[in-house]
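# Structural description and commentary
Read off the chains here:
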Amino acid sequence: MEALRTLIVDDSSVMRKIVERALRQAGIPLADVIEAANGSQALEILSQQTVDLVLTDINMPVMDGLELVRQLHKVDKARDVPVLMITTEGSESQVVQAIACGARGYVRKPFTPEQIKRQVLSLLGLLY
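All values reported here derive from a predicted model rather than from experimental measurement.

Moving on, we get to empty space enclosed by the protein. A complete count under the given rule lists one cavity of 30 Å³ or more for this structure. Looking at the largest cavity, its volume works out to about 40 Å³. Every residue lining the largest cavity is listed: Ile8, Val9, Asp10, Val19, Leu55, Thr56, Asp57 and Ile86. Taken together, the elements giving at least two residues each to the lining of the largest cavity come down to β1 (4-9) and β3 (53-56). Split into classes, the residues belonging to the lining of the largest cavity amount to five nonpolar, one polar and two charged.

With that settled, consider the sheet that holds strand β2 (residues 30-36). Read across the sheet, five strands follow the order β2-β1-β3-β4-β5 without closing on themselves; strand pairing throughout is parallel. Single-partner strands in this sheet number two, and they are β2 and β5 (105-108). Between one strand axis and the next, the sheet turns through 20° on average, direction left out of account. Pairing between β1 and β2: six bridges, direction parallel. Within the sheet, the bridge partner assigned to threonine 6 lies in β2 and is valine 33. Packed onto the sheet, helix α5 (residues 113-123) meets β1, β3, β4 (83-87) and β5 and runs at close to 175° relative to β5.

Before going further, it helps to examine the packing of helix α1 (residues 13-25) against α5. For the pair α1 and α5, interaxial distance at closest approach is 8 Å and the crossing angle is 75°. On the basis of the axis angle, α1 is roughly perpendicular to α5. Contacts between α1 and α5 involve Ala22, Leu23 and Gln25 from the first element and Pro113, Ile116 and Val120 from the second. Of the residues assigned to the contact of α1 with α5, the class counts are five nonpolar, one polar and no charged.

This part takes up the environment of valine 81. Of note, valine 81 is situated in the loop between α3 (65-71) and β4. We classify valine 81 as buried; its relative accessible area is 9%.

It is worth spelling out the environment of isoleucine 116 at this point. Along the polypeptide, isoleucine 116 turns up in helix α5. For the pair isoleucine 116 and leucine 23, spaced 93 residues apart in the sequence, the C-alpha separation amounts to 6.7 Å.

Within α5, burial applies to Ile116, Val120, Leu121 and Leu123. The buried residues of α5 occupy an angular sector of 155° when projected down its axis, which confines them to one face. Check the buried side of α5 and you find it contacts β1, α1, β3, β4 and β5. Within two residues after α5, glycine 125 carries a phi angle of roughly 75°, on the positive side.

Calculation notes
Residues numbered from 1 in each chain as written. Predicted model: local features only at pLDDT ≥ 70, side-chain atom pairs only at ≥ 80, totals over all residues. Heavy atoms only, no water. 1 Å grid on protein atoms, 1.4 Å probe; cavity = no way out; pocket = protein on both sides within 12 Å on 5 of 7 lines; lining within 4 Å. Points joined across faces, edges and corners; volume = space filled by probe spheres on them. Helix = DSSP H or I, 4+ residues; strand = E, 2+ residues; numbered from the N terminus. Nonpolar A, V, L, I, M, F, W, Y, C, P; charged D, E, K, R; others polar. Pairing = 2+ DSSP bridges. Axes fitted to C-alpha atoms, helices over the stretch in contact; angles between N-to-C directions. Contact = heavy atoms within 4.5 Å. Parallel < 35°, antiparallel > 145°, perpendicular 65-115°, else oblique. Buried < 20%, exposed > 50% of the residue type's maximum accessible area, 1.4 Å probe, protein only. Arc of directions from axis to C-beta.

Nothing here speaks to function; it is geometry throughout.
Encoded structure:
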């Protein structure tokens, strides 16, 4: 697997670092890790540069993760980027809504590096 340019979107800087550490502990090769504090910042970043993977929280100020996923199809460089939702939201309706908006995977907090690895490899179409 080639090293991935990854965008991590969460309003908590601590949680962004936890997600990055989990990716590294899972053995996912990272070329670059870009951070955004909300969906609006993420869209701005994605309009200027390409990434291979987006991991986003749902509950954030300014623009939440569901709206971010809804808006991705409007950004040429992000149209086909796989999105993994990482959130404390655990209800079945939230999972259905995230997938309906375009997310391709879902992991609940707290998570393990193994759960992240399984989801990321699945998103990228790699066997696990």
